[in-house]
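# Chains, contacts and geometry: an overview
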Amino acid sequence: MVAAPLALMTSPNTFQPLIADKFFTNSILSRPPGAFPERIPSQTFPAEADRYLLYIYPGCPWAQRANITHKLKGLQDVIQVVVLDSLEPGKGWCFSGEGQFGHRRCPVFGCKYLKEIYEFAAPSYDCRIMIPALLDKQTKRIVSNSSGEITRMFISAFDDLLPLARRESSKGSGGLLPAQLLAQIDDFNAFAYDSINNGAYKTGFSSCQKSYTENVTRLFDGLDRVEALLSQPGHSPYLFGSHVTEADIRLFPAIVRFDVVYHTLFKCNLKMIRYDYPRIHAWLRRLYWDESTSHAFKDTTYMQIIREGYTRAAGETIVPIGPLPDVVPLSP
Ligand SMILES: N[C@@H](CCC(=O)N[C@@H](CS)C(=O)NCC(=O)O)C(=O)O
């Protein structure tokens, strides 16, 4: 299970090889949709407790979406979270046994590398070995390695195993994915993925000036659009009104990283969230600090790991310490 402390230091060598592996660049180009078409619940993958494992890396924004939903829904006793803490050149995600999480091998299968797990759990999969990955211990198959799909499954697929109060069906229009908002949330998610979540990566790893300029412009247009949305009736304090929805969960990991790493290391530097986007900033701080979200957003934000991971991904060795604070308090 993932522990919650935020202030942590990983081994200084943990991410040394990132840039040599062209890790993030390739990830952007090869995020294959639909590699694992089956969902929970289904005949192959029924919703059962202690059957599924979620593999994450605490610095990864895509894994954070799944981790936030896992915590928000209170799935701790239903789905185990296993933390990979290192990336080795040519070998990919692995258990280093160092740092906060400290596994030397997968606590369930005894493997050192995630690719060993993919080899038996997805033998015909031929794309990059990615996290998050949701695995079925019983069939020893990967259910999905898409953060969007995993997040959506976590929202309701295991509800029969949860107390009534935590089920989507008990929440009506206050659920994470209310039926009447589904189409709007899908549209928002598609726009936000392209221009913001993945837009920051496309900006940071642009290989020429033209592509950088296009991507950074699109990214800030996207942020301007979110800022405007949050001023509309029915779109505050959260993106779709008075309750957190899937749209908030999916956007949050990009915004909480924005000032701290994307602004500096990905050259997303036309504006900063904390100074230039008052509504997005208020939205971010509320999600991060407000106790009504059981600290699901704060406790899954491992800022020191984030700073170190992106620094190495950008080919740098000195980890920037600002801006501080990582997230401005609700009442500064
Ligand atoms: N489509 C995936 C993308 C996930 C992704 O890009 N994960 C990165 C880590 S932040 C990864 O595992 N990259 C490994 C690689 O490309 O080799 C999702 O949204 O879940």
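Everything below is about the structure printed above this text.
Note that this is a predicted model, so its numbers are computed, not measured.

The rules behind each value
- Every chain begins its residue count from 1, and numbering advances along the sequence as written.
- Predicted model: local features are reported for residues with pLDDT of at least 70 only, side-chain atom pairs are reported and counted for 80 or more only, and whole-chain, interface and lining totals are derived from all residues.
- For the side-chain quantities, the full set of heavy atoms in the structure was used; hydrogens and water were omitted.
- Salt bridges are defined by distance alone: a side-chain nitrogen of Lys or Arg within 4 Å of a carboxyl oxygen of Asp or Glu.
- Per the convention used, a helix needs a DSSP run of H or I reaching at least four residues, while a strand needs a run of E reaching at least two, with both numbered from the N terminus.
- Using a 1.4 Å probe on the protein chains alone, a residue whose accessible area is under 20% of its type maximum counts as buried, one over 50% counts as exposed, and one in between counts as partly exposed.
- What a helix is expected to span follows from its residue count: subtract one and scale by 1.5 Å.
- Given a residue, its bend is the angle between the two axes fitted to the seven residues that end at it and to the seven that start from it.
- Under this scheme, a helix contributes an axis fitted over its contacting stretch, all axes are lines through C-alpha atoms, and angles between N-to-C directions fall in the 0 to 180 degree range.
- When describing relative orientation, an angle under 35 degrees is termed roughly parallel and one over 145 degrees roughly antiparallel, while 65 to 115 degrees is termed roughly perpendicular and anything else oblique.
- Helix crossings fall into two classes, left-handed where the near helix is turned counterclockwise from the far one by less than a right angle and right-handed where it is turned clockwise.
- In this description, contact between two residues means that some pair of their heavy atoms is separated by no more than 4.5 Å.
- Charged residues are taken to be Asp, Glu, Lys and Arg, nonpolar residues to be Ala, Val, Leu, Ile, Met, Phe, Trp, Tyr, Cys and Pro, and polar residues to be all remaining types, Gly included.

## Brief notes about the pattern of salt bridges
Scanning the model with the defined rule gives 15 salt bridges in all. For Asp136, the salt bridge is made with Arg51, and the minimal N-O distance between the two is 2.8 Å. Taken together, the residues span a long stretch of sequence, with Asp136 in strand S5 (residues 133-136) and Arg51 in the loop between helix H1 (23-29) and strand S1 (52-56) at a distance of 85 residues. On the basis of relative accessibility, which here comes to 0%, the residue Asp136 falls in the buried class. Among the ionic pairs, Arg274 bridges to Asp259, the shortest N-O distance being 2.8 Å. Of this pair, Arg274 sits in helix H9 (residues 273-276) while Asp259 sits in helix H8 (residues 246-265); the two residues are 15 residues apart in sequence, bridging distant segments of the chain.

## Thoughts on H8
Side chains that are three or four residues apart share a direction in an α-helix, a result of its 3.6 residues per turn. The end-to-end C-alpha distance of H8 is 27 Å, a good match for the 28 Å that 20 residues give at a rise of 1.5 Å each. The axis of H8 is deflected most strongly, by about 80 degrees, at Phe258. Summarising burial for H8: 19 of the 20 residues are buried, a large majority. The positive-phi residue at the C-terminal boundary of H8 is Lys267, with phi of around 60 degrees.

## Let's talk about the packing of helix H6 (residues 182-204) against H8
Two elements in contact, H6 and H8, have axes separated by 10 Å at closest approach and are oriented at 20 degrees. For the element pair H6 / H8, the angle class is roughly parallel. Along this stretch, H6 crosses H8, giving a crossing that reads as left-handed. Residues Ile185, Phe188, Asn189, Ala192, Ile196, Asn197, Ala200 and Tyr201 of H6 lie in contact with H8, whose contacting residues are Glu246, Ala247, Arg250, Leu251, Ala254, Ile255 and Tyr262. A breakdown of the residues in the contact of H6 with H8 according to their chemical character gives 11 nonpolar, 2 polar and 2 charged.

It is worth stressing that arrangement in space is one thing and function is another; only the former is reported here.
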